[in-house]
Amino acid sequence: MADGSFVVDGNYTIPRTWGVYKVAVDQDGTTEQAFRLGNHPVRQHELVNELGAAELVMLFTSRLDAIELKNLLNAGG
């Protein structure tokens, strides 16, 4: 859902949305791709501050859908 049917209101969106983000994380001295989720756009800002970058992959109005996509992507699906 990234069709402009939501608006940013302060730190959150109306209706509430959840983003799935692609990030690079260091594990055992190597950088690997991982996927994280959270309330958009707050979580994206947190990930950028923590990891330096976070690319929005998909935006959802359903948290369960966001969780499912994140799990599939992290499993290599």
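Inspection of the entire model under this criterion finds 2 salt bridges. Put simply, Glu55 and Lys22 hold a salt bridge, and the shortest N to O gap is 3.7 Å. Of this pair, Glu55 sits in strand β5 (residues 55–60) while Lys22 sits in strand β3 (residues 18–27), placing them 33 residues apart in sequence. Note on Glu55: relative accessible area 44%, which makes it partly exposed.

The predicted coordinates should not be examined in detail at positions where pLDDT is low. Mean pLDDT over the chain stands at 90; residues scoring 70 or higher make up 94%. For the chain, the element scoring lowest by mean pLDDT is strand β1 (residues 7–9), at 82; helix α2 (residues 63–74) scores highest, at 97.

As a further point, take unusual backbone geometry. Cis geometry marks the peptide bond from Ile14 to Pro15; its omega dihedral reads -5 degrees. Here Pro15 shows up in the loop between β2 (12–14) and β3. Of the consecutive residues His40 and Pro41, the connecting peptide bond is found in the cis state with omega at 5 degrees. Position of Pro41 among the secondary structure elements: in the loop between β4 (30–39) and α1 (42–51).

So, on to α2. Here α2 is 12 residues long and its end C-alpha atoms lie 16 Å apart, about the 16 Å a rise of 1.5 Å per residue gives. Backbone geometry just downstream of α2 places Gly76 in the positive-phi region, at approximately 90 degrees.

Before going further, it helps to examine the side chain of Thr13. Along the chain, the position of Thr13 falls in strand β2. Look at Thr13 and you get buried, because its relative accessible area is 5%. A polar atom in the side chain of Thr13 sits 3.1 Å from the backbone oxygen of Pro15. Polar contacts involving the side chain of Thr13 include one to the side chain of Thr17, which spans 2.6 Å.

Spatially, the 3 strands line up as an open sheet ordered β4-β3-β5, and their pairing is antiparallel. The sheet terminates laterally at β4 and β5, the two strands that pair on one side only. Sheet twist, expressed as the mean angle between neighbouring strand axes with direction ignored, is 30 degrees. With 10 bridges connecting them, β3 and β4 associate as antiparallel partners. The residue bridging Tyr21 from the neighbouring strand is Arg36, located in β4. Docked against the sheet, α1 engages β3, β4 and β5, running at close to 15 degrees with respect to β3. Relative to the sheet, α2 contacts β3, β4 and β5, its axis offset from that of β4 by approximately 170 degrees.

Reading the values: the criteria
Residues numbered from 1 in each chain as written. Predicted model: local features only at pLDDT ≥ 70, side-chain atom pairs only at ≥ 80, totals over all residues. Heavy atoms only, no water. Salt bridge = Lys/Arg side-chain N within 4 Å of Asp/Glu carboxyl O. Helix = DSSP H or I, 4+ residues; strand = E, 2+ residues; numbered from the N terminus. Buried < 20%, exposed > 50% of the residue type's maximum accessible area, 1.4 Å probe, protein only. pLDDT = per-residue confidence, 0-100. Expected span 1.5 Å × (residues − 1). Polar contact = N/O pair within 3.5 Å; in protein donor to acceptor, adjacent residues only side chain to side chain. Pairing = 2+ DSSP bridges. Axes fitted to C-alpha atoms, helices over the stretch in contact; angles between N-to-C directions. Contact = heavy atoms within 4.5 Å.

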